[in-house]
Amino acid sequence: MEPPENYSTATSFSVPFEDAHEIILRWDSTASEEARERMIFDGDRQEVDLYLQAVDEIQKSPWLDLKMSSAISLLTTQSPVEVDSLNISDRASSYSSSSWNLFTSSARSSAEFDQEEFGGDHDDGLDPIQRADSTNSSSSYRSTSSIREIDLIPQEAVADLQSIAKRMISAGCLRECIQVYGSVRKSAMDASFRRLGIEKLSIGDIQRLEWETLETKIRRWIRAAKVCVRVLFASEKKLCEEIFYGIGTSIDDACFMETVRGPAIQLFNFAEAISISRRSPEKMFKILDLHDALMGMLPDIDVVFESKSSDSIRVQAAEILSRLAEAVRGILSEFESAVLREPSRVAVPGGTIHPLTRYVMNYISLISDYKQTLIELIMSKPSTGSRYSGDPTTPDMEFAELEGKTPLALHLIWIIVILQFNLEGKSKHYKDASLAHLFMMNNVHYIVQKVKGSPELREMIGDDYLRKLTGKFRQAATSYQRATWVSVLYCLRDEGLHISGSFSSGVSKSALRERFKTFNAMFEEVHRTQATWFIPDSQLREELRISISEKLIPAYRSFLGRFRSHIESGKHPENYIKYSVEDLESAVLDFFEGYPVSQHLRRRSQ
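Owing to the predicted nature of the structure, the values given are computational and were not obtained by experimental measurement.

The rules behind these values
- Residues numbered from 1 in each chain as written.
- Predicted model: local features only at pLDDT ≥ 70, side-chain atom pairs only at ≥ 80, totals over all residues.
- Heavy atoms only, no water.
- Helix = DSSP H or I, 4+ residues; strand = E, 2+ residues; numbered from the N terminus.
- Areas by Shrake-Rupley, 256 points an atom, 1.4 Å probe, with all protein chains shown as cover.
- Salt bridge = Lys/Arg side-chain N within 4 Å of Asp/Glu carboxyl O.
- Buried < 20%, exposed > 50% of the residue type's maximum accessible area, 1.4 Å probe, protein only.
- Lys, Arg positive; Asp, Glu negative; His and termini not counted.
- Contact = heavy atoms within 4.5 Å.
- pLDDT = per-residue confidence, 0-100.
- Expected span 1.5 Å × (residues − 1).
- Phe/Tyr/Trp six-rings, centres within 6.5 Å; stacked < 30°, edge-to-face > 60°.
- Lys NZ or Arg CZ within 6 Å of the ring centre and 35° of its normal.
- Core = buried A, V, L, I, M, F, W, Y, C linked by side-chain atoms within 4.5 Å.
- Polar contact = N/O pair within 3.5 Å; in protein donor to acceptor, adjacent residues only side chain to side chain.
- Axes fitted to C-alpha atoms, helices over the stretch in contact; angles between N-to-C directions.
- Parallel < 35°, antiparallel > 145°, perpendicular 65-115°, else oblique.
- Left-handed = near helix turned anticlockwise from the far one by under 90°.
- Nonpolar A, V, L, I, M, F, W, Y, C, P; charged D, E, K, R; others polar.

### A closer look at the overall build of the protein chain
Along its length, the protein chain carries 23 helices and 2 strands. Looking at the protein chain as shown, the accessible area adds up to about 29000 Å², and 50% of this sits on carbon and sulfur atoms.

And the structure:
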């Protein structure tokens, strides 16, 4: 298109009203084929400047003021020329809106940045927007704490948008300016949300999802939310400040909120849905992840949404954080109750570690990994019984013995106390007292090992209480040995074998034969039974075998040495002295392996 004849290419120029009218009509897409094919801001700089001057000239028209005061009055009372001028003004304002659409929609969405803007080529599989959250080396954004503000559009486009905004507002189109800007930028925001995997789900939709699905979504949300707050929203705010700088009327904040209010609510609705969802122990750690992520973002949220008009966003984030903290406290309390009341009554085979013990100790080991957060969230002591309560369904715990520990540490100790209390109840389901003691030994030993294996857990629980636990499993081991071996070793005593009389050697062979038979039968039964019992910890298994051997083998060797000759001098000694010392030593090695052995002991020597 050629400019009017009286147009000058000088730096400063003005356009007569008649020429301004003609220029506006030239770019009216309803009247010009060329205007339908391309937009003014696709042209060269002279055409753009001429068009803007034409808009300025139209806006200086006295009929524009009349239009702003009463468009209806103008349409009914002004001359045809005046109405024509009003239409020209409308076209100018409309085209400003179209041009605005052109620039703001062509601005890059935050998921489309060139990798070079973030420090060169990357082969880490991350979107540039995700990389912006993890890098500090870039010349295309300025950093404020964790915030990384990125140039969403070229600076020359910002200048043109400033020109459009000033003219729209000067024409009295403030509301339209805000609406058009917000509409176009929200489209770019929606594209970025899709790229980041942020779905449009209601709180109800989120709460109906399976927890396994939600776990994956929480991980994705945490990554995406950091990018949204620190890059996407911050950059949108920066763009608004640049475009509307110096215009006044707080339009920059109005346009910013018009753009991000909906997306921000959509973003935080996910965390809110999690914070008010049904509580259960398996949700604890993902909720803690969510809490820590939101806590880390809160200072950035306060910076990005600092204006009064964005109070609701800041308040929503703070309230969600508070509800997440309350959810964590509630879950911990419910977990304690679940451990205490866990109802399973079927004894685990072989007296091995109960699934509840593994679950609880793995759970509190994970709790210790979140120590820093939980120390701040858990502020009250657990609700426990005391030795004076007289409640047989709740164990005792005296806080006076644990003075100086944090409420979190007291909760962890309380969980171990109620776990042991529950296990003691389960041990009563074993008909064999020896197996009940072995069961408690296995489980308390596992508790001790899990505490020792976690430096954070050990620090919180403390060595004093750890020594108390160690004493408990050793006591259980001692109780097992007494329940099993006292009666066996009783067979190897001298009492009841000696007789008095001048015609006797002093030993009752019949009593001695009976004693050997009783020992053999008892040992074989113990061997047959306890080979199927299981001690999972190899070191504990070996220690208990050694302890058994240290009592059994010397006693048997001594007994055999004192009375072997009395049996061997009679008939069929092999029926009574069935096993050598070495046979017993070998047999003890079968104990606690968790599988049956042959019915008869393996006799390796005679």
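### Notes on the pattern of salt bridges
All chains considered together, the criterion is met by 22 salt bridges. A salt bridge links Arg208 to Asp205; the shortest N-O distance between them is 2.8 Å. The exposed category is assigned to Arg208, whose relative accessible area is 62%.

### Comments concerning the side chain of Asp253
Locating Asp253 in the fold gives a position in helix α12 (residues 251-275). Put simply, Asp253 is tucked away with no salt bridge, and the nearest opposite charge, on Lys237, sits 6.5 Å away. Here Asp253 is in contact with Ser307 and Ser309, once residues within four sequence places are set aside.

### A look at the confidence of the model for the protein chain
Per-chain confidence: the protein chain averages 80 in pLDDT, with 74% of residues scoring 70 or above. At the low end of the mean pLDDT range in the protein chain sits helix α5 (residues 71-77), at 25; at the high end sits helix α18 (residues 433-453), at 97. pLDDT under 50 marks residues 1-12. Its contacts with residues more than four places away, or in other chains, come to 21 contacts. Counting interchain partners and residues more than four positions distant, the pLDDT-below-50 stretch residues 105-144 has 76 contacts.

### Here we look at helix α21 (residues 509-530)
Over its 22 residues, α21 runs 31 Å from end to end, which matches the ideal 32 Å to within 8%, given 1.5 Å per residue. Among the residues of α21, those classed as buried are Leu512, Arg515, Phe516, Phe519, Asn520, Phe523, Glu524, Val526, His527, Thr529 and Gln530. Buried positions along α21 lie against α18, α20 (463-490), α22 (538-568) and α23 (581-588).

### A word on the packing of aromatic side chains
Within this structure, the stated rule accounts for 20 aromatic pairs. A centroid spacing of 6.0 Å and a plane angle of 20° characterise the contact between Trp221 and Phe270, whose relative ring orientation is stacked. Linking Trp221 in helix α11 (residues 211-243) with Phe270 in helix α12, this pair joins segments that are 49 residues apart in sequence. You'll find Trp221 and Phe270 in the same group, each marked buried. Three or more aromatic residues link up through ring pairs in this structure, and these residues are Tyr480, Trp485, Phe519, Phe523, Tyr556, Phe591 and Phe592. Here Arg493 stacks its cationic end above the ring of Tyr490, 3.6 Å away from the centre of that ring. Over the ring of Tyr576 we find Arg513, and its NZ or CZ is 6.0 Å from the ring centre.

### Examining the nonpolar core
Among the nonpolar cores identified, the biggest contains 157 residues, and Trp221, Phe233, Phe244 and Phe305 are the most heavily contacted of them. The element that contributes the greatest number of residues to this core is α11, accounting for 17 residues.

### As for the side chain of Asp583
Looking at the secondary structure, you find Asp583 in helix α23. A distance of 2.9 Å separates a polar atom in the side chain of Asp583 from the backbone nitrogen of Ser580.

### A few points about the packing of α12 against helix α13 (residues 284-304)
α13 packs onto α12 with a crossing angle of 160° between their chain directions and a minimal axis gap of 11 Å. The pairing of α12 with α13 is recorded here as roughly antiparallel in orientation. For the pair α12 and α13, the crossing hand works out as left-handed. Residues Phe256, Phe268, Ala271 and Ile274 of α12 form the contact with α13, whose participating residues are Ile287, Leu290, Leu294, Ile301 and Val304. A per-class count over the contact of α12 with α13 returns 9 nonpolar, no polar and no charged.

### Points about the environment of Thr393
You can see Thr393 is positioned in the loop between α16 (371-377) and α17 (407-427). For the pair Thr393 and Asn422, spaced 29 residues apart in the sequence, the C-alpha separation amounts to 9.5 Å. Beyond its immediate chain neighbours, meaning those up to four positions away, Thr393 contacts Leu340, Arg341 and Phe421.

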